[in-house]
Amino acid sequence: LTPAESLEIETLTREIARVRMDVDSSSRNLVEEKGKEVGHRAKANTLLREQGVMKKLFEKVCHETQSEQNVGKERIEELEQQVSDLTSNLRMRQQFAANQELNEAQIYGTAELQKDERPRKGFRKSRKR
């Protein structure tokens, strides 16, 4: 072998050793990064599950809130109707107090209970004698 060839062989041997070290270093880095990736995937899956649970809870809370709002609105309407009725009643009482003739009048309700037209069990119609 000539000295130039020997020098080239030695240079190539050093280059091969350097490339092997780079490959080993890159392999170690790859294994480390894959380990990190596994951790990140597990965390991402956990977060996705939690997000699903939170979404269901959010929908439940929204539904309950909507129901409570509807009940509240109905209660407000009922109370407003009661206030209106009481105001009308108060006005009528004030008119009655102001007008002597109305004050002495008797007011009868117009609503009448329905009577059951069927005869009751155990009672017979009496015969005229």
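About the thresholds
Residues numbered from 1 in each chain as written. Predicted model: local features only at pLDDT ≥ 70, side-chain atom pairs only at ≥ 80, totals over all residues. Heavy atoms only, no water. Helix = DSSP H or I, 4+ residues; strand = E, 2+ residues; numbered from the N terminus. Buried < 20%, exposed > 50% of the residue type's maximum accessible area, 1.4 Å probe, protein only. Areas by Shrake-Rupley, 256 points an atom, 1.4 Å probe, with all protein chains shown as cover. Patch = residues over 30% accessible without salt bridge, like charges linked within 9 Å, V, L, I, M, F, W, Y side chains within 5 Å. Salt bridge = Lys/Arg side-chain N within 4 Å of Asp/Glu carboxyl O.

**Structural notes on the overall build of the chain**
No. 1: In terms of helices and strands, the chain carries 2 helices and 0 strands.
No. 2: Counting all 129 residues of the chain, 0% fall into the buried class.
No. 3: With an accessible surface of roughly 13500 Å², the chain has 55% of that area assigned to carbon and sulfur atoms.

**Some thoughts on a nonpolar patch on the surface**
No. 1: Taken together, Val53, Met54 and Leu57 make up a surface patch of nonpolar side chains, about 280 Å² in accessible area.
No. 2: Along the polypeptide, leucine 57 turns up in helix α1 (residues 3-98).

**A word on the pattern of salt bridges**
No. 1: Per the stated rule, a full pass over the model turns up 6 salt bridges.
No. 2: Between glutamate 10 and arginine 14 there is a salt bridge, and its shortest N-O distance comes to 2.4 Å. Taken together, the positions of glutamate 10 and arginine 14, both in helix α1 and 4 residues apart, correspond to about one turn of that helix.
No. 3: A salt bridge links arginine 18 to aspartate 22; its shortest N-O distance comes to 3.0 Å. With arginine 18 and aspartate 22 both in helix α1, this residue pair falls 4 residues apart, about one helical turn.
No. 4: The class for arginine 18 is partly exposed, based on a relative accessible area of 40%.

In short, geometric facts, not functional conclusions.
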